[in-house]
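Residue-level listing of the chains:
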Amino acid sequence: RDLHLSLRRQRQMCIRDSNEGMKVHKLHHVLQLPISLEQSWAFFSDPQNLQRITPPELGFDIRTDVSDGMHPGMLITYALRLPTGIRVTWVSEIKHVDPPYGFVDEQRLGPYRFWYHEHRFAPHVQGTEATDTVHYALPFGPLGRLAHALFVRRQLRKIFDYRSRVLLEHFD
């Protein structure tokens, strides 16, 4: 419930910002996994597993100790390589946690102007339905919009498709 209220507030903020020139994009990805809701939560709520489901060419590396378990306010620092080859630092804050149904992370520092990622888990006849909804915006105004059209949208889709393949292989 808190996740949905927060998401509503974030959407209102996005609409206001988009009226001021920031184009907010949405990525929605759904995957059915052959595991229980509890198993899904155990896997996805452990930030260390993000490295396992990120394409190797991104050179993803967690830089902070995440052994405390996921909790609101948790900051996680990553390093990764953009498709341009440039290494960047990305800091995420865990904003909301609703075990075993989901959590929200927001980028605090990184390549996007805005990044709000809601992870939802629901029982499904085949196990668990995992839904990712990401609202994001790129910096650099018209240049960012052009980059999104040319490659960013496609790159994000490839990352989530890769995650799907790895997760289905892992839990098969």
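First things first, this report covers the structure right here in the doc.

Rules used in this analysis
Here the residue index of a chain counts from 1 through its sequence in written order. The predicted origin of the model limits local features to residues at a pLDDT of at least 70 and limits the giving and counting of side-chain atom pairs to 80 or more, whereas totals for whole chains, interfaces and linings rest on all residues. To obtain the side-chain values, all non-hydrogen atoms of the structure were included, while hydrogens and water were left out. Numbering goes from the N terminus for both helices and strands, where a helix is a DSSP run of H or I of at least four residues and a strand is a run of E of at least two. Between buried and exposed lies partly exposed: a residue is buried under 20% and exposed over 50% of the maximum accessible area for its type, with that area taken using a 1.4 Å probe on protein chains only. Residue contacts follow a heavy-atom distance rule, with two residues in contact if any of their heavy atoms lie within 4.5 Å. Note that accessible areas follow from Shrake-Rupley with a 1.4 Å probe, and for residues the cover is restricted to the protein chains shown. By arc we mean the arc of the directions from the helix axis to the C-beta atoms, nothing more. Among buried residues, the Ala, Val, Leu, Ile, Met, Phe, Trp, Tyr and Cys ones that are joined through side-chain atoms within 4.5 Å form a nonpolar core. The rule for a salt bridge is simple: a side-chain nitrogen of Lys or Arg has to be within 4 Å of a carboxyl oxygen of Asp or Glu.

**Section: the overall build of the chain**
- Secondary structure summary: the chain contains 4 helices and 7 strands in total.
- Relative to its full complement of 172 residues, the chain shows a buried share of 48%.
- Restricting to contacts in the chain with at least 6 residues of sequence separation, those with at least 24 account for 51%.
- For the chain, the exposed area adds up to about 9,400 Å²; of that, 53% sits on carbon and sulfur atoms.

**Section: helix α2 (residues 37–44)**
- For α2, the full list of buried residues reads Leu37, Ser40, Trp41, Phe43 and Phe44. Take α2 and look down its axis: the buried residues cluster within an arc of 165 degrees, on one side only.

**A few points about the nonpolar core**
- Core analysis: the biggest nonpolar cluster contains 35 residues, and Leu33, Phe44, Tyr112 and Leu167 have the highest contact counts within it.
- At the level of elements, β1 (25–33), α2, β3 (75–81), β4 (87–98), β6 (114–124), β7 (127–137) and α4 (141–170) are the ones that each hand at least two residues to this core.
- No other element matches α4, which puts 6 residues into this core.
- Not counting the four nearest positions on each side in its chain, leucine 33 is found in contact with Phe44, Gln126, Gly127, Thr128, Ala130, Leu167, Leu168 and Phe171.
- Counting residues in hydrophobic clusters, the runner-up holds 6 residues, among them Met22, Val24, Phe114 and Ala137.

**Remarks on the pattern of salt bridges**
- Going through the model one piece at a time under the given rule, you end up with 6 salt bridges.
- The partner of arginine 63 in a salt bridge is aspartate 61, with the nearest N and O atoms 2.8 Å apart.
- You can call aspartate 61 partly exposed: its relative accessible area is 30%.
- With its nearest N and O atoms 2.8 Å apart, the salt bridge here joins glutamate 93 to arginine 108. Residue glutamate 93 is located in strand β4, and its partner arginine 108 is located in strand β5 (residues 102–109); the two are separated by 15 residues in the primary sequence.
- Looking at arginine 108, the relative accessible area reads 41%, which means it is partly exposed.
- Through salt bridges with shared partners, one network takes in Glu93, Lys95, Glu106 and Arg108.

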